[in-house]
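Reading the structure
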Amino acid sequence: MIAEQIKIILGKGHHSKDDIDVLATYFEKHHEGLDGKEWADCICKMDNIITASGSDFDTVAFMEKAYNGFASYNTRLFSNQGIILKHLCKLYIQRGNRKDAIKTMRKYMYCMLADEAKHNRDYNQHYYSFRSFSEYSLKDIKEETISVAHPRTFNDPLDTLMYWWLENKIKNIPSGNEVDDEFYIMMKKVAEHIKLRCLISAKGRDAKDLSVLMWSHYARNHTGFCVEYELPESYFDSLDST
């Protein structure tokens, strides 16, 4: 079944059980012919098709298989994985499966953060972190690791805009939309467990191009140190399921 035929079936006003079976077979076994966003959008449209047809087709099981297949073939299409994960999370919420909804929400938020990082990263630049001397910062150098912290502990309030956005989103959800309400409340709770490390890039390839203010704000008033990182392109290659 080629992609154009799949598009024709998706565009029909009414769908039979045979249509659903054909679509399910395609999305569970094939991962070519549609670009990433088309593929993800079509997967989510399947739920509307199944609901409208009155079929007893197991939508959640289908979405789980489709996501796993898509993610294994498209490890770096984080935004498109996010489309499917968001839809799957809402299906879990609708069915009262809170445990799987939270697990899916964690993957969804990872994809959104990874996609943001991917689009804001220049692989030709080196990145820097200004640190004060401490047991943790010295351990990072010794073990070649990058320690992380909760954004609320950062000294720049702009680093916590995500939490302000979530609170505002929850306040403005239309009344009566219980699934969306629960989705964003769950997102806020999961976000409280996110830990990050902020890195900055220089305009050139030399640390001398960095603002002197970095030393006063992040290196304990010029008494700390600066670490230079060269991250490989494979850094965000796959989703860590753990």
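Our structure's up above, just so we're on the same page.
Bear in mind that the values here come from a model prediction, so they are computed numbers and not experimental data. (Residues numbered from 1 in each chain as written. Predicted model: local features only at pLDDT ≥ 70, side-chain atom pairs only at ≥ 80, totals over all residues. Heavy atoms only, no water.)

When its secondary structure is counted, the chain shows 10 helices and three strands. Counting only residues that meet the buried cut, the chain has 36% of its 242 residues in that class. In the chain, of all internal contacts separated by at least 6 residues, the share reaching a separation of at least 24 is 69%. As displayed, the chain offers around 14600 Å² of accessible surface, 51% of which is attributable to carbon and sulfur atoms. (Helix = DSSP H or I, 4+ residues; strand = E, 2+ residues; numbered from the N terminus. Buried < 20%, exposed > 50% of the residue type's maximum accessible area, 1.4 Å probe, protein only. Contact = heavy atoms within 4.5 Å. Areas by Shrake-Rupley, 256 points an atom, 1.4 Å probe, with all protein chains shown as cover.)

This next bit is on unusual backbone geometry. For Glu144, which is not a glycine, the phi torsion comes out positive at approximately 55 degrees. On the accessibility criterion, Glu144 (74% relative accessible area) is exposed.

The next point concerns the environment of Asp58. One can find Asp58 in the loop between helix H3 (36-53) and helix H4 (59-73). Expressed as a C-alpha distance, the spacing of Asp58 and Asp47, which sit 11 residues apart in the sequence, is 9.7 Å. In this structure the side chain of Asp58 is engaged in a polar contact, spanning 3.4 Å, whose partner is the backbone nitrogen of Val60. There is a polar contact of 3.1 Å between the side chain of Asp58 and the backbone nitrogen of Ala61. (Polar contact = N/O pair within 3.5 Å; in protein donor to acceptor, adjacent residues only side chain to side chain.)

A few words on the packing of aromatic side chains. For the coordinates displayed, the defined rule picks out five aromatic pairs. Taken together, a centroid distance of 6.5 Å and an interplanar angle of 75 degrees make the contact between Phe78 and Tyr110 edge-to-face. Residue Phe78 is located in helix H5 (residues 78-94), and its partner Tyr110 is located in helix H6 (residues 98-119); the two are separated by 32 residues in the primary sequence. By relative accessible area, Tyr110 is classed as partly exposed at 28%. Residues Phe133 and Phe225 carry aromatic rings whose centres are separated by 4.8 Å and whose planes lie at 50 degrees to one another, so their mutual orientation is tilted. Here Phe133 is found in the loop between strand S1 (127-131) and helix H7 (135-143), whereas its partner Phe225 is found in strand S3 (residues 225-229), with 92 residues between them in sequence. (Phe/Tyr/Trp six-rings, centres within 6.5 Å; stacked < 30°, edge-to-face > 60°.)

Scanning the entire structure with this criterion turns up three salt bridges. Salt-bridge contacts for Asp180 lead to Lys90; the nearest nitrogen and oxygen are separated by 2.6 Å. You can see Asp180 sitting in helix H9 (residues 178-191) and its partner Lys90 sitting in helix H5, a full 90 residues away along the chain. The burial state of Asp180 is the same as that of Lys90; both residues are buried. For Glu182, the salt bridge identified is with Arg98, shortest N-O distance 2.6 Å. One end of the pair, Glu182, is in helix H9; the other, Arg98, is in helix H6, and 84 residues separate them in sequence. The partly exposed category is assigned to Glu182, whose relative accessible area is 25%. On the accessibility criterion, Arg98 (38% relative accessible area) is partly exposed. (Salt bridge = Lys/Arg side-chain N within 4 Å of Asp/Glu carboxyl O.)

As a further point, take the nonpolar core. Core analysis: the biggest nonpolar cluster contains 46 residues, and Phe27 and Met105 have the highest contact counts within it. Breaking this core down by element, the ones donating at least two residues are helix H1 (3-10), helix H2 (17-29), H3, H4, H5, H6, helix H8 (161-171) and H9. Judged by nonpolar contacts, the second largest core, of six residues, contains Ala202, Leu210, Met214 and Ala219. (Core = buried A, V, L, I, M, F, W, Y, C linked by side-chain atoms within 4.5 Å.)

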